[in-house]
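# Survey of secondary and tertiary structure
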Amino acid sequence: LFLVQGERGVLDIEKLEARIMICPKFSGRVTSVVADAQVNSRVIASTDEGLIWVFGVHNKRTCKTDHRFPQGALAGANIRVGSIRGMALALEPSEEDPDGGARF
């Protein structure tokens, strides 16, 4: 996976090319993205609006929205996502350390 200036996609090492993923029903600028640790075809992303999206990726080019967490579930736009054993993790900066620390 790659994320450059809000554009997300997949790097195909065998063909030495970058493929942009097309995700209908998705809007926003991606700020954090990670592949699901348990299901290789699932991607978790956060946007600059503070939304968390879960996508199913098909053919490394298209994706389907599996889930979108409701806006307001987390407060900030600087959310980072992670995955462990099929679970989505969302981290936001702590109030004490907005530049480095995170809380669950």
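So, here's what we can say about the structure. (Residues numbered from 1 in each chain as written. Predicted model: local features only at pLDDT ≥ 70, side-chain atom pairs only at ≥ 80, totals over all residues. Heavy atoms only, no water.)

### A look at the packing of aromatic side chains
Evaluation of the coordinates by the stated rule reveals three aromatic pairs. Ring geometry for Phe26 and Trp53: centres 4.9 Å apart, planes at 75°, overall edge-to-face. Pair noted here: Phe26 is in the loop between strand E3 (17-20) and strand E4 (30-35) and Trp53 is in strand E6 (residues 52-58), with a separation of 27 residues, a long-range link. Trp53 matches Phe26 in its accessibility class, with the two residues each being buried. Aromatic side chains Phe26 and Phe55 sit 5.4 Å apart centroid to centroid with 80° between the ring planes, which places their arrangement in the edge-to-face category. Taken together, the residues Phe26 in the loop between E3 and E4 and Phe55 in strand E6 connect sequence positions 29 residues apart. Phe26 sits in the buried class, given a relative accessible area of 13%. Take Phe55: its relative accessible area is 4%, and that puts it in the buried class. Feature note: the residues Phe26, Trp53 and Phe55 constitute an aromatic cluster, connected by ring pairs. The residue whose ring lies beneath Arg68 is Trp53, and the NZ or CZ to ring-centre distance is 5.7 Å. (Phe/Tyr/Trp six-rings, centres within 6.5 Å; stacked < 30°, edge-to-face > 60°. Helix = DSSP H or I, 4+ residues; strand = E, 2+ residues; numbered from the N terminus. Buried < 20%, exposed > 50% of the residue type's maximum accessible area, 1.4 Å probe, protein only. Lys NZ or Arg CZ within 6 Å of the ring centre and 35° of its normal.)

### Some words on the pairing of E6
Note on strand geometry: in a regular strand, side chains alternate between the two faces of the sheet. Within E6, six of the seven residues are buried, which leaves the element mostly enclosed by the surrounding structure. Sheet topology places strand E5 (residues 42-47) next to E6; five bridges connect them, and they run antiparallel. The residue of E6 that forms the bridge with Ile44 is Val54. Counting the residues in the hairpin turn of E5 and E6 gives four residues, including Gly50, whose phi is positive at 85°. In this sheet, strand E7 (residues 62-68) lies alongside E6 in antiparallel orientation, the contact comprising six bridges. By the bridge assignment for E7, His58 is matched with Thr62. (Pairing = 2+ DSSP bridges.)

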